[in-house]
Amino acid sequence: LYIMLVPMLLVFLFWRYFPMYELLGCFKVSDDVVPVSQQLFSGFSYFKRLLAGGDQLSTDFWRALRNTFILSFYGLCFGFPIPIILALFFNEIRSNAARSVYQVLTYLPKFMSTVVMTSLVTMLVKQGSLTTGMGIINQGLSSLGLISNEVANAGLLNNPSFFRSIYQISGIWESAGYDSIVFFAAIIAISPTSYEAAQIDGADKMAQMRYVVLPSILSTIVIMLITRIGSLLNIGYEKVLLLYNTNTYVTADVVSTLANRVGMGNNPLPGVAAAAEMMNNVIGMLLVIGANTIARKASNTSLY
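Residues numbered from 1 in each chain as written. Predicted model: local features only at pLDDT ≥ 70, side-chain atom pairs only at ≥ 80, totals over all residues. Heavy atoms only, no water.

Now for the packing of helix α2 (residues 45-52) against helix α3 (residues 56-79). Contact pair α2 / α3: the axes reach a minimum separation of 6 Å and the direction vectors enclose 75°. When the axes of α2 and α3 are compared, the pair comes out roughly perpendicular. Where α2 approaches α3, its residues R49, L50, L51 and A52 are matched on the opposing element by L57, S58, F61 and W62. Taken together, the residues of the contact of α2 with α3 sort by class into 6 nonpolar, 1 polar and 1 charged. (Axes fitted to C-alpha atoms, helices over the stretch in contact; angles between N-to-C directions. Helix = DSSP H or I, 4+ residues; strand = E, 2+ residues; numbered from the N terminus. Parallel < 35°, antiparallel > 145°, perpendicular 65-115°, else oblique. Contact = heavy atoms within 4.5 Å. Nonpolar A, V, L, I, M, F, W, Y, C, P; charged D, E, K, R; others polar.)

Put into structure tokens, the structure is as follows:
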């Protein structure tokens with residue numbers, strides 16, 4: 001068993017711990033020629049520029065931090081309960097064959113690459129052109145009168161007002177089924193005697209969900225919520241990078257995409273980019289500690 005742990009330990013060693021050495025770049029003068037260990041110490045100058053620089057970079061950072069938090073918070077509010085509801089629905093399906101089909105259908109989007117998934121989303125909400133029509137979602141919303149023809153023709157991804165909704169809905173479609181596996185496993189582990197006792201007391205299906213199922217999986221929900229809060233500010237920048245454009249920076253630009261542009265743009269500032277990502281991760285660590293402390297005091301369930 002210890003030998004089987006070796007590959008995982010190597011992965012963590014090379015991809016998690018060794019890269020931490022490069023965090024010194026947040027406090028050193030950036031120089032691509034000189035190794036990080038030999039670069040001059042610059043203190044917290046990069047952090048000061050991001051937080052209170054008074055220039056466009058500082059403005060963009062605060063906007064990106066706000067967008068990161070808003071996107072993550074919306075994902076927590078709307079995306080976290082959906083897998084629990086799905087798991088409850090799966091548990092109520094009596095036919096094993098039907099349940100397997102429904103589960104596979106909801107799991108499939110998770111196994112598509114981010115490029116494929118974002119390409120599908122782009123096609124569904126694309127703008128109209130002379131050669132191809134507008135996306136089917138644009139047509140549906142326009143025919144229902146929910147959006148104007150001008151907005152539909154311009155494309156929803158070119159409108160900052162719709163980016164967050166598209167991001168959250170596509171995220172739920174992609175991961176809700178896969179995330180429900182943990183909750184469904186916790187539900188099927190509940191003893192049948194608990195259901196029988198509830199039925200004797202006159203509990204119907206909804207009452208059994210409320211008084212038997214949910215209390216039984218509460219510890220699992222709390223643990224998953226803590227881990228979700230820990231990654232609250234760690235948005236996968238690949239999806240945002242593939243969906244956003246200059247028209248939607250105001251609502252779509254997040255810390256990771258900002259760091260990508262700043263660190264690899266025309267005038268790269270790798271030290272500033274590293275400082276932005278480090279601040280993002282430090283805030284995430286503090287959120288984990290806070291959420292774990294609150295959970296331990298409120299429900300006696302915590303990660304540590």
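Attention shifts here to the packing of aromatic side chains. By the definition in use, this model includes 12 aromatic pairs. For the ring pair F27 and F44, a centre distance of 5.5 Å and an interplane angle of 85° mean the geometry is edge-to-face. Here F44 lies in the loop between α1 (2-17) and α2 and F27 lies in the loop between α1 and α2, a separation of 17 residues in the sequence. Under the relative-accessibility criterion, F27 is labelled buried at 18%. Relative to Y249, the ring of Y244 lies with its centre 5.1 Å away and its plane at 40°, an arrangement referred to as tilted. When its relative accessible area of 11% is taken as the criterion, Y244 is described as buried. Directly above the aromatic system of Y167 lies the positively charged group of K239, at a separation of 4.4 Å from the ring centroid. Lying across the ring of Y249, R261 places its NZ or CZ 4.5 Å from the centre. (Phe/Tyr/Trp six-rings, centres within 6.5 Å; stacked < 30°, edge-to-face > 60°. Buried < 20%, exposed > 50% of the residue type's maximum accessible area, 1.4 Å probe, protein only. Lys NZ or Arg CZ within 6 Å of the ring centre and 35° of its normal.)

Another aspect to go through is the pattern of salt bridges. What the rule picks out here adds up to 5 salt bridges. Close ionic contact of D253 with R63 constitutes a salt bridge, the shortest N to O distance being 3.4 Å. Placement of the pair is D253 in the loop between α14 (249-252) and α15 (255-264) and R63 in helix α3, with a sequence separation of 190 residues. For D253, a relative accessible area of 0% gives the class buried. (Salt bridge = Lys/Arg side-chain N within 4 Å of Asp/Glu carboxyl O.)

One broad trend across soluble globular proteins is that nonpolar side chains are buried collectively. Among the nonpolar cores identified, the biggest contains 24 residues, and I187, V213 and I217 are the most heavily contacted of them. Only α4 (81-92), α9 (160-188), α10 (192-200), α11 (205-216) and α12 (218-230) provide two or more residues apiece to this core. The residues touching I187, leaving out its near neighbours within four places in the chain, are A87, L88, N91, Y195, V213 and I217. Judged by nonpolar contacts, the second largest core, of 17 residues, contains M117, V121, Y244 and A252. (Core = buried A, V, L, I, M, F, W, Y, C linked by side-chain atoms within 4.5 Å.)

With that settled, the discussion passes to the environment of I169. Among the secondary structure elements, I169 is positioned in helix α9. In this structure, the C-alpha to C-alpha distance between I169 and G75, residues 94 residues apart in sequence, is 9.1 Å.

The next subject is the packing of α15 against helix α16 (residues 270-299). The interhelical angle for the contact between α15 and α16, taken along N-to-C directions, is 165°, at an axis separation of 8 Å. Compared by their axis directions, α15 and α16 come out roughly antiparallel. Once α15 is placed against α16, the crossing between them reads as left-handed. Between α15, through V255, S256, A259, V262 and G263, and α16, the contact on the second element is made entirely by P270, V272, A273, A276, E277 and N280. Residue composition of the contact of α15 with α16, grouped by class: 7 nonpolar, 3 polar and 1 charged. (Left-handed = near helix turned anticlockwise from the far one by under 90°.)

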